[in-house]
Structures are given as C-alpha cells and as structure tokens.
Amino acid sequence: MNWDDTTEDTAPERVVGSVADREDQAVEAALRPKDLGEFIGQEKVREQLDLVLRAARARGATADHVLLSGAPGLGKTTLSMIIAAEMGAPIRITSGPAIQHAGDLAAILSSLQEGEVLFLDEIHRMSRPAEEMLYMAMEDFRVDVIVGKGPGATAIPLELPPFTLVGATTRAGLLPPPLRDRFGFTAHMEFYEPAELQRVIHRSADLLDVEIDTAGAAEIAGRSRGTPRIANRLLRRVRDYAQVKADGRINREIAEAALKVYEVDGRGLDRLDRGVLEALLKLFGGGPVGLSTLAVAVGEERETVEEVAEPFLVREGLLARTPRGRVATPAAWAHLGLTPAQGSGQQDLFGA
C-alpha cells in the first residue's frame, strides 16, 4: 500500500527486493491511499505532516518543503502524492539522476504552477550545479539563468511561483547540510511492524478481490521485511498460487506452501540471503571473512552482497560487519539449524 518507485538495488528480480518493477508500479497505482486517513503506519510522521498541511491550508499558503528519508518501499512516493492531494495541487515527479545539469532543473522550475508540488526522488543523486540552483529556488523562489559563456555571460533572475518541494532519499547522510536546512519539515520513515503489515495486506486483498484470513495475512506479513511493497508483492504471488493450486482463498497453509515455492523463508530470507549465510557458516566457520572472498564463494558480485543482501541480514541480527570482516551471529547458526564450529571467529566476537 505504501511504496516508493526507485532504489539502487542491483537485484531487481528478487521477490523480496525493494525495487518496484513495472508490475509493481502498475499495481501500486491502483492500491495507493488517497489521503492521510487511508495511509497505514508511520503514525508520528502522519500526525506531524497532517499538522503542517492543515496549517498551510488555513493560512492559504503553500506547504513547507518536505524531506522524506528511509528505505525503499516504505511510502515516500505515496506520501508525496497525498501531500499534493491534501493541498489540492498538481504534482510533478522527477528524480535526482534525471537532473544532471542546472538547465534541466531550471526548465522544470520555470514551468511550475503556483502551489504545485515537485516530487524529487533520490534527491541525493542530483548534480552539484543543479543542487546549488535549488538552494535559491527553495528559499527565495528565484533562479538565476546564465545566458552566454565566458566574460560575456549574464545572469538573468527568474522569479518562480511559490511551490512545495518534496524530496525523497534513501541516504539522508549524503545530503549536504545547506540543502537539508532548507526543508521546513523532515521525516524519517521507519520499517513496519507485522501488525501494520497485516492491515496493509488486508486492505490490498480487498482491493484486489482476494479472500484471505487473519492467519494467512500474518504469515505473509512476517516474511515481508517490514516493507509494504514487499508485502503486496508476496500477496500477489500467494494469490497466484492459491488460484492455481487451491480454491483461490488464502490461509496460513496456502501462504506457507506458496512462499516455499518462491524460496522465502519464515524470516523473509530468500535464496541470496541464505546463500550468503550458508557460505559464511559452512565454508568459513562463521567468519570473520572479507567481503570479496564471501562474494566469490556465493558466486555474486561484491556490490550485490554488500548492498542487496547484507543490509537486511545486519538488521535482522544475523550478520555483523567488523574490522576483521563479516561475522555470523549466534542467531544465524540457529536460523539455519547449524551448530557453531568450535574455535570459530564468531565465538570470539560474540561469546557464543
């Protein structure tokens, strides 16, 4: 229900990946909530944002610029659309990688209508010249367009109508302080609790005309990595299984059987995640082992292991990054049903 459209994930075909493929985008468009009242989860963010928007409407002014940070799939794009809907304004959507020159940004800004919402996804990946132009546009609603080159170049000031910039980023730490300081409201999107994901799944099932019971929704929610986008993708895959292998209704047994086919285990780990853990435990005794060596053992690129598999494994407490290398935690041994090797590096570091 609450998702975003882009990320830097290098394994877009994973059923538990947080990248929105074309199928996801098409389904998300139909399932997105239309206002804050329909938006599930992110209670603090919703409450704070509701106050910001209500106050702006009462003043008859445009809303403050908004910065949303957090992992992919948590609802940043959805919230940007809700902001525009709540303010009764049109929305323009673009992304940081698409703005490589200041002229690209100037063309977008100069065509905005008064009160329009400009959603800039992955804002941290915008080019530096465009970023510097954005400072003035956000603060003074003005940009200087450079005409000509060299000593004869002239800066022509261009006044902009008041607008609201909604910036989204998966890496807030990469934003320079001058840019962060120009946002009137900033919010960090947290991962969802299983109970919240169950509500997301039930709502999506109703919209997709899928019959699912509480136990089935709980089973899917528990494997969704705290991310609504993944929950909805798993729901669709379980729906497909239920239609082909059963009577179309989803319960716990059907959900378990379907997710076994798609190799998503009870904690949401898929083939890549388990491959990393199995290599770390079986080949290297739990570590420590270097990232490059681990990637070779898994048969994946170093970047895939580091950026795609490791973040979730670390968040789940199954793997640790240490100065000596990657180390499996006692929870990793338990999850795979293995006994820690005597004298392994993980015993020294974790006291297991």
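Keep in mind the model is a prediction, meaning the values are calculated, not measured. (Residues numbered from 1 in each chain as written. Predicted model: local features only at pLDDT ≥ 70, side-chain atom pairs only at ≥ 80, totals over all residues. Heavy atoms only, no water.)

Colleague: Would you mind showing me how to read the overall build of the protein chain here?
Modeller: Secondary structure summary: the protein chain contains 15 helices and nine strands in total. Within the protein chain, the fraction of its 352 residues that count as buried is 50%. Expressed as a percentage of contacts within the protein chain between residues at least 6 apart in sequence, the contacts between residues at least 24 apart total 70%. Within the structure as shown, the protein chain displays about 15700 Å² of accessible surface, and the carbon and sulfur contribution to it stands at 50%. (Helix = DSSP H or I, 4+ residues; strand = E, 2+ residues; numbered from the N terminus. Buried < 20%, exposed > 50% of the residue type's maximum accessible area, 1.4 Å probe, protein only. Contact = heavy atoms within 4.5 Å. Areas by Shrake-Rupley, 256 points an atom, 1.4 Å probe, with all protein chains shown as cover.)

Colleague: Where do I start with unusual backbone geometry in this structure?
Modeller: Residues other than glycine predominantly adopt negative phi, and peptide bonds predominantly adopt the trans conformation. A positive phi angle, near 60°, is found at Arg225, a position not held by glycine. Position of Arg225 among the secondary structure elements: in the loop between helix 8 (214–222) and helix 9 (228–245). A relative accessible area of 8% places Arg225 in the buried class. The phi dihedral of Glu263 is positive, around 60°, even though this residue is not glycine. Here Glu263 is to be found in the loop between helix 10 (252–261) and helix 11 (271–283). A residue is classified by how much of its surface remains accessible, and Glu263, at 41% relative accessible area, is partly exposed.

Colleague: Mind showing me how you'd approach the pairing of strand 8 (residues 319–322) here?
Modeller: Both faces of the sheet carry side chains from a regular strand, because those side chains alternate between them. Bridge count between strand 8 and strand 9 (residues 325–328): four bridges; the pairing is antiparallel. Bridged to Ala320 within strand 9 is Val327. As consecutive antiparallel partners, strand 8 and strand 9 are separated by two residues. (Pairing = 2+ DSSP bridges.)

Colleague: When you look at helix 9 in this model, what are you seeing that I'm missing?
Modeller: An α-helix turns once every 3.6 residues. As a result, residues three or four positions apart point the same way. Along its 18 residues, helix 9 runs 25 Å from first to last C-alpha, staying within 8% of the 26 Å computed at 1.5 Å per residue. Within helix 9, 14 of the 18 residues are buried, leaving the element largely enclosed by the surrounding structure. (Expected span 1.5 Å × (residues − 1).)

Colleague: Whenever I open this one, the confidence of the model for the protein chain confuses me. Can you help?
Modeller: Caution is warranted with low-pLDDT regions, since their predicted coordinates should not be read in detail. Looking at the protein chain, pLDDT values average 85 and 88% of them are 70 or higher. This model gives residues 1–12 a pLDDT under 50, and the stretch forms 70 contacts once residues within four places in sequence are excluded. Below pLDDT 50 for its whole length, residues 346–352 participates in 24 contacts with residues either more than four positions away or in separate chains. (pLDDT = per-residue confidence, 0-100.)

Colleague: Help me understand the side chain of His65, please; the structure alone is not making it clear to me.
Modeller: Position of His65 relative to the elements: it lies in the loop between helix 2 (43–59) and strand 1 (66–69). Judged by its relative accessible area of 6%, His65 is buried. A polar atom in the side chain of His65 sits 3.0 Å from the backbone oxygen of Met138. If near-sequence neighbours (up to four positions away) are discounted, His65 is found in contact with Met138, Phe141, Phe163, Thr164, Leu165, Arg182, Phe183, Gly184 and Phe185. (Polar contact = N/O pair within 3.5 Å; in protein donor to acceptor, adjacent residues only side chain to side chain.)

Colleague: Any chance you could explain the pairing of strand 6 (residues 164–169) here in plain terms?
Modeller: Within strand 6, six of the six residues are buried, which leaves the element mostly enclosed by the surrounding structure. Here strand 6 shows two buried faces, one formed by Thr164, Val166 and Ala168 and the other by Leu165, Gly167 and Thr169. One ladder, built from four bridges, connects strand 1 with strand 6; its direction is parallel. Along strand 6, the bridge assignment pairs Ser69 with Thr169. Alignment of strand 3 (residues 117–121) against strand 6, held across four bridges, turns out to be parallel. Pairing of Phe119 across the sheet is with Val166, part of strand 6.

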